[in-house]
Each structure stands twice: as C-alpha cells, then as structure tokens.
Amino acid sequence: MATRLWSVVFDAADPLTLGRWWSTALGWPVTFEAADEVEVSSGIDGVPSLVFGTAADTKVGKNRVHLDLASDSPEAMTATVQRLLAAGASTVEIGQSGVPWVVLADPEGNELCVLEPRDRYRGIGALAAIVVDAADPAGLADFWEQAAGWSIGSRSDDGVSLYRPGGHPPDLDLVRVPGPKAVKNRVHLDVAPWPDDDRDTEAARLVGLGATMIDVGQGEVTWRVLADPEGNELCVLRPR
C-alpha cells in the first residue's frame, strides 16, 4: 500500500487565466480545461501536474508552498525573469536578502523563485522543485517520504530534499522557515493511491503517520482532505 505525489493544486480567482499563464511559464501544455478547473502537465511520468481550481477566498500572506524554476546559465536566468515579468509576474519582497535567486509572484500573487544555475538542475527543464515551508523539515520529511513515495536525497541545516523515483528533478524541498502555518494554504499537494489500493485505507495510513482529517468546506467530494503534521492541507485522491 502506498500513495504517490500526483499534483500541485492552486486556488485561483480565474483558473483559466492562471493555468494558461503557468503553461506558458513552464512550457507545459494544458491537458484539461474547463471554466472552473485547468490542468497543466509536463507529460513526464511521475512529475506532478499543476491543477488550478476556483476559490472564492483571497490570498492572505506568503504561501507556504511554491515552485522553483531552473536556469541553465546566468543568461537563461535573466531571460526567464524578464519573460515572466513581461507576461504579468511581479517582483516581491518576502524578506529575502543577498540571495542568488529572484523571487517573483504570478498574476494572482503566488510566489515563485527563478533559481541561479545549479548543477543538479542543469538540462532538466523548467521545474526544479516544489518547495514547502517547514518548522521541522526533518520531521516533516519523514511524513512526506511516505505520502509522496519519494526518498530523502539530501539534508542540510536548512532543509531536506526528497527525490522522486529515479532520482531526477523536480524535487520536493522542505525548507526551514520561522513561524507556524496561520491560514489555509492556497497551494497544496494531492497524493493518489495505486489502482489496486483503496483511498480510505491510504487516508487512514497517513493519519497513522501523523496527518489529521480536516474539513475545509469541501462538502461531498471524491477525495479525502487531510493536513500533514504541520497543518498543510493535502488531498488523497481516488486510486489511479
């Protein structure tokens, strides 16, 4: 029995516009499009898709989940930043100082980072990592290693990186930040059981690992809504 990381889900005021923006930003095609939901996918097995769904609430504070984009060279990094700004991104200040990467926000204010060239991410495409803020990265990594089906690839005082099966990026980076989670995340992760497994059994397994069942107003849905040990929302989808 296991689950694996399936998608990164964005709450959006305008899913169509935001989904198409991220499609262009990453160079990934739109693989599903409706008025209230858009999916963007790399087409690479095991790489989570991005899903944009309608949400009535507005963004409050800095997201605790964001995406890092890769750069193959300093020139490519500059070009990516300029391209995203021209497409509607904005520069944002979230307390970073003297860092080699550039922090931007998409048209709905979701933070993202354009990284400086790093050997691990050279030639891998646009998406370097999915980043989750954590008070205790090591403790949270133990949970997400079991929830995502990704293994711990590197550790430091600042965080833990989980590598997907095969070891190739994008990574799931759990990064130490001060301050606890305060509001519902506008970006969360979905996990999915394998076809022969059971959704509710897997949800119960994750509860046994430290998750909690929560109600965020989802009503009658085909997934189960949980929070990880630090309160970050996640959904357990139907087997697939």
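Reading the values: the criteria
Residues numbered from 1 in each chain as written. Predicted model: local features only at pLDDT ≥ 70, side-chain atom pairs only at ≥ 80, totals over all residues. Heavy atoms only, no water. Pairing = 2+ DSSP bridges. Helix = DSSP H or I, 4+ residues; strand = E, 2+ residues; numbered from the N terminus. Buried < 20%, exposed > 50% of the residue type's maximum accessible area, 1.4 Å probe, protein only. Polar contact = N/O pair within 3.5 Å; in protein donor to acceptor, adjacent residues only side chain to side chain. Contact = heavy atoms within 4.5 Å. Core = buried A, V, L, I, M, F, W, Y, C linked by side-chain atoms within 4.5 Å.

Peer 1: So what exactly am I meant to see when it comes to the sheet that holds strand 9 (residues 127-134) here?
Peer 2: Whether parallel or antiparallel, the strands of a sheet pair through hydrogen bonds between backbone atoms. Read from one edge to the other, the open sheet built from eight strands follows the order 6-7-8-5-9-12-11-10, with strand pairing classed as mixed. Two strands lie at the open edges of the sheet, namely strand 6 (90-91) and strand 10 (151-156), each paired on one side alone.

Peer 1: Explanation requested: the pairing of strand 3 (residues 37-40) in the structure shown.
Peer 2: Successive side chains on a regular strand alternate, one facing one side of the sheet and the next facing the other. A one-sided burial pattern is seen for strand 3, the buried positions being Val38 and Val40 and the unburied ones Glu37 and Glu39. Of the pairings in the sheet, the one linking strand 2 (residues 30-34) to strand 3 comprises four bridges and is antiparallel in character. Bridge pairing links Val30 to Val40 in strand 3. Connecting strand 2 to the antiparallel partner strand 3 that follows it, the hairpin turn spans two residues. Both strand 3 and strand 4 (residues 49-54) contribute to a ladder of four bridges, which runs antiparallel. Within the sheet, the bridge partner assigned to Glu37 lies in strand 4 and is Gly53.

Peer 1: In this structure, what is going on with the side chain of Ser41? I would like to understand it.
Peer 2: The topology assignment puts Ser41 in the loop between strand 3 and strand 4. Here Gly43 takes part through its backbone nitrogen, which lies 3.2 Å from a polar atom of the side chain of Ser41. Apart from the residues within four sequence positions on either side, Ser41 is in contact with Trp28, Pro29, Thr31 and Ser49.

Peer 1: What is the right way to read the nonpolar core from this model?
Peer 2: Counting 49 residues, the largest nonpolar core has Trp22, Leu50, Trp144 and Leu172 as its most contacted members. The dominant element in this core, judged by the number of residues it contributes, is helix 3 (residues 137-148), at six residues. Residues in contact with Trp144, not counting those within four places in the same chain, are Gly149, Leu162, Leu172, Leu189, Val191, Asp228 and Leu234. With eight residues, the next largest nonpolar core counts Val103, Cys113, Leu115 and Ala129 among its residues.

Peer 1: Before we go on, may I ask you to explain the side chain of Ser71 in this structure?
Peer 2: Along the chain, Ser71 falls in the loop between strand 5 (65-69) and helix 2 (74-86). Judged by its relative accessible area of 2%, Ser71 is buried. In terms of polar contacts, Ser71 uses its side chain to reach the backbone carbonyl oxygen of Leu115, at 2.6 Å. Among all residues touching Ser71, those that are not within four sequence positions of it are Met77, Val114, Leu115, Glu116, Pro117 and Arg118.

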